[in-house]
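Read off the chains here:
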Amino acid sequence: MISLAENKERIALLTSGGDASGMNAAIRAVTRYSIYNNYEVIGFYEGYKGLINNNFDILNLNSVSGIIDRGGTILYSARSEEFKTEDGQKKAIENLKKNNVEKLIVIGGDGTFRGAHDLHKKGIKAIGIPATIDNDIAGTDYSIGFDTALNVIIDIMSKIRDTASSHDRLFVIEVMGRQSGVIAVNAGVASAADYILIPEVDFDLVKIANEIRNHRKGKRHTLVIVAEGVGKANDIASSIKLLAGHEVRVSVLGHIQRGGSPSAMDRILAARLGQKAVDALMDGKSDAMVGYQGKEIKIIDFEYIFKYKRKIDKNLYDLAFILSL
Ligand code: F6P
């Protein structure tokens, strides 16, 4: 066991769930702002798995030096099934207590916050920082990693458009977003996609195929973005090919979307959310997330986040279609 620095309270930190670019910037912000406020920071590795296995290191100013521009997470991540069990949570609580930790900051998405909620019920003060490329968390306009992922996607979309135009081709491009079309809608607007297929809005593949067969909006390229929550891009491409009689190519962007150096926006968001998370703990808050609303950073109860699903911006969705005509 690493002994507690004299007269210092500890804040523990972990990253969990799918990694998102900017998590490191958030780790840096939490660590440095906590140290500035005279706390000692310990980082658990591989999310809740690290709590169960008591796998951690003290984070000092040096540990988080030179990481602001790195994708991924220096604390590593995992989706721990064991932590969902009573036994797993018991081990986690024992380890936290053994290490004199009563305050915890978790960086991740919905699943990560559910874990923090469970720990709160068992007496740990827990605050969440939203970080998921899906940007599907209610109560925050943006989650860390979303902006970087969007920039990765639009860069690739431009490249696809080049080759699509050259060959007079139609492309179906699958983007991430397990149950949510937020990435697809925003990427669609930013890359002038012709069609955006998302789980939240019904679509008519026959109608789309007819349009493609008849005029393709007068373009030599047709870009169809599909959110992974809708189904496999390959299946959709086969149906369009069959119905429209037009050659189709498929690009599944996959985990490329989660990597890379974070955008300026994600770094600044990480700094602000990190500061607020530490402030919230210092104010005795728990069972809540720090979120970006308008221009302000607010504290939103987990209860609200679990109750309300983040909606897509329907106006933006409709606008994407109008602007691509
Ligand atoms: O939750 C973030 C996310 O990137 C989703 O968009 C995607 O469906 C999922 O993670 C992929 O998870 P994994 O990396 O475990 O395959």
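Residues numbered from 1 in each chain as written. Predicted model: local features only at pLDDT ≥ 70, side-chain atom pairs only at ≥ 80, totals over all residues. Heavy atoms only, no water.

1. A look at the site of the ligand
Rules: The near set for a molecule or strand comprises every residue that places at least one heavy atom within 4 Å of it. Any pair of N or O atoms that falls within 3.5 Å is considered a polar contact. Within protein, one atom must be able to donate a hydrogen and the other to accept it, and sequence-neighbouring residues count only if both atoms are side-chain atoms. Three residue categories are used. Nonpolar comprises Ala, Val, Leu, Ile, Met, Phe, Trp, Tyr, Cys and Pro, charged comprises Asp, Glu, Lys and Arg, and polar comprises the others, including Gly.
Neighbouring residues of the ligand: Arg79, Asp134, Met176, Gly177, Arg178, Glu228, His255 and Arg258. In the environment of the ligand, an oxygen atom lies 2.8 Å from a nitrogen or oxygen atom belonging to the side chain of His255. Between the ligand and Arg258 there is a distance of 2.8 Å, counted from an oxygen atom to a side-chain nitrogen or oxygen. Of the residues belonging to the shell around the ligand, the class tally is one nonpolar, two polar and five charged.

2. A short note on the domain arrangement of the protein chain
To be explicit about the condition: Reported domain spans reflect what an automatic or database domain assignment gives. Values labelled buried area give the accessible surface lost by two parts on being combined, using a 1.4 Å probe and summing over both. By definition, a salt bridge exists where a carboxyl oxygen of Asp or Glu is found within 4 Å of a side-chain nitrogen of Lys or Arg.
As assigned here, the protein chain comprises domain 1 (9-145 + 262-307) and domain 2 (147-258). Across the domain 1/domain 2 interface, buried area totals approximately 1,100 Å², and carbon plus sulfur atoms make up 48% of it. Among the residues domain 1 hides against domain 2, the three largest losses belong to Asp19, Ile133 and Asp134. Together they make up 45% of the total. Here domain 1 and domain 2 share one salt bridge between them. Between Asp19 and Arg258 there is a salt bridge; the shortest N-O distance is 2.7 Å. Linking domain 1 with domain 2 are seven residue pairs in polar contact (both at pLDDT 80 or more), by the criterion used here. Tallied by class, the residues present in the side of domain 1 that touches domain 2 amount to three nonpolar, five polar and five charged.

3. Focus on the packing of aromatic side chains
In this description, a pair of aromatic rings is defined by centroid distance and the angle of the planes. Applied cut-off: Aromatic rings from Phe, Tyr and Trp, with only the six-membered ring used for Trp, were paired whenever their centres fell within 6.5 Å, and each pair was classed as stacked if the ring planes differed by under 30 degrees, edge-to-face if by over 60, and tilted otherwise. By definition, any uninterrupted DSSP run of H or I lasting at least four residues is a helix, any uninterrupted run of E lasting at least two residues is a strand, and each is numbered from the N terminus. Exposure categories follow from relative accessible area, calculated using a 1.4 Å probe and restricted to protein chains: below 20% of the type maximum is buried, above 50% is exposed, and the middle band is partly exposed.
Tallied over the entire structure, the rule returns 10 aromatic pairs. Ring geometry for Phe302 and Phe306: centres 5.8 Å apart, planes at 20 degrees, overall stacked. Of this pair, Phe302 and Phe306 both sit in helix 10 (residues 302-307), four residues apart, roughly one helical turn. The exposure class of Phe302 is buried, given its relative accessible area of 0%.

4. Concerning a nonpolar patch on the surface
Quick note on the threshold: Patch membership needs two things, relative accessible area over 30% and no salt bridge, and members are linked within 9 Å if like-charged or within 5 Å if nonpolar (Val, Leu, Ile, Met, Phe, Trp, Tyr). Surface accessibility in these figures is a Shrake-Rupley result with a 1.4 Å probe; residues are shielded only by whichever protein chains are displayed.
Nonpolar side chains collect at one region of the surface, where Leu319, Phe321, Ile322, Leu323 and Leu325 lie side by side and expose about 500 Å² of accessible area between them. Topologically, Ile322 is positioned in helix 11 (residues 314-323). A relative accessible area of 53% means that Ile322 is categorised as exposed.

5. Brief notes about the sheet that holds strand 8 (residues 222-227)
Here is the rule: At least two bridges found by DSSP between two strands is the condition for calling them paired. Lines fitted to the C-alpha atoms define the axes, with helices restricted to the stretch that makes contact. Angles between their N-to-C directions range from 0 to 180 degrees.
Spatially, 7-8-6-9 is the arrangement adopted by the four strands of the open sheet, whose pairing is parallel. Across the chains shown, the open sheet's two edge strands, defined by having one partner strand only, are strand 7 (195-197) and strand 9 (248-252). Each strand axis lies, on average, 20 degrees off the axis of its neighbour in the sheet, ignoring direction. Bridge count between strand 6 (residues 170-175) and strand 9: five bridges; the pairing is parallel.

6. Considering the pairing of strand 4 (residues 101-108)
The side chains of a regular strand alternate between the sheet's two faces. Short version of the rule: Handedness is read with the strands pointing away from the viewer; a crossover is right-handed when the path from the first strand over the helix to the second is clockwise.
The element strand 4 is extensively covered by neighbouring structure, given that seven of its eight residues are classed as buried. Taken together, the six bridges between strand 1 (residues 10-15) and strand 4 define a ladder with parallel strand orientation. Pairing of Ile11 across the sheet is with Lys103, part of strand 4. Alignment of strand 4 against strand 5 (residues 125-130), held across six bridges, turns out to be parallel. Note on strand 5: the bridge partner recorded for Leu104 is Ala126. Considered for its hand, the β-α-β crossover made up of strand 4, helix 4 (residues 110-121) and strand 5 is right-handed.

7. Overview of the pattern of salt bridges
Overall, the coordinates contain 15 salt bridges when judged by the stated rule. Note that Glu94 and Lys90 form a salt bridge whose closest N and O atoms lie 3.9 Å from each other. Of this pair, Glu94 and Lys90 both sit in helix 3 (residues 86-98), four residues apart, which is roughly one turn of that helix. Salt-bridge contacts for Lys159 lead to Asp155; the nearest nitrogen and oxygen are separated by 3.0 Å. A residue pair is termed a helical-turn pair when its members lie 3 or 4 positions apart in one helix, as Lys159 and Asp155 do in helix 5 (residues 146-167) at four residues. Classification of Asp155 by relative accessible area gives partly exposed; the value is 41%.

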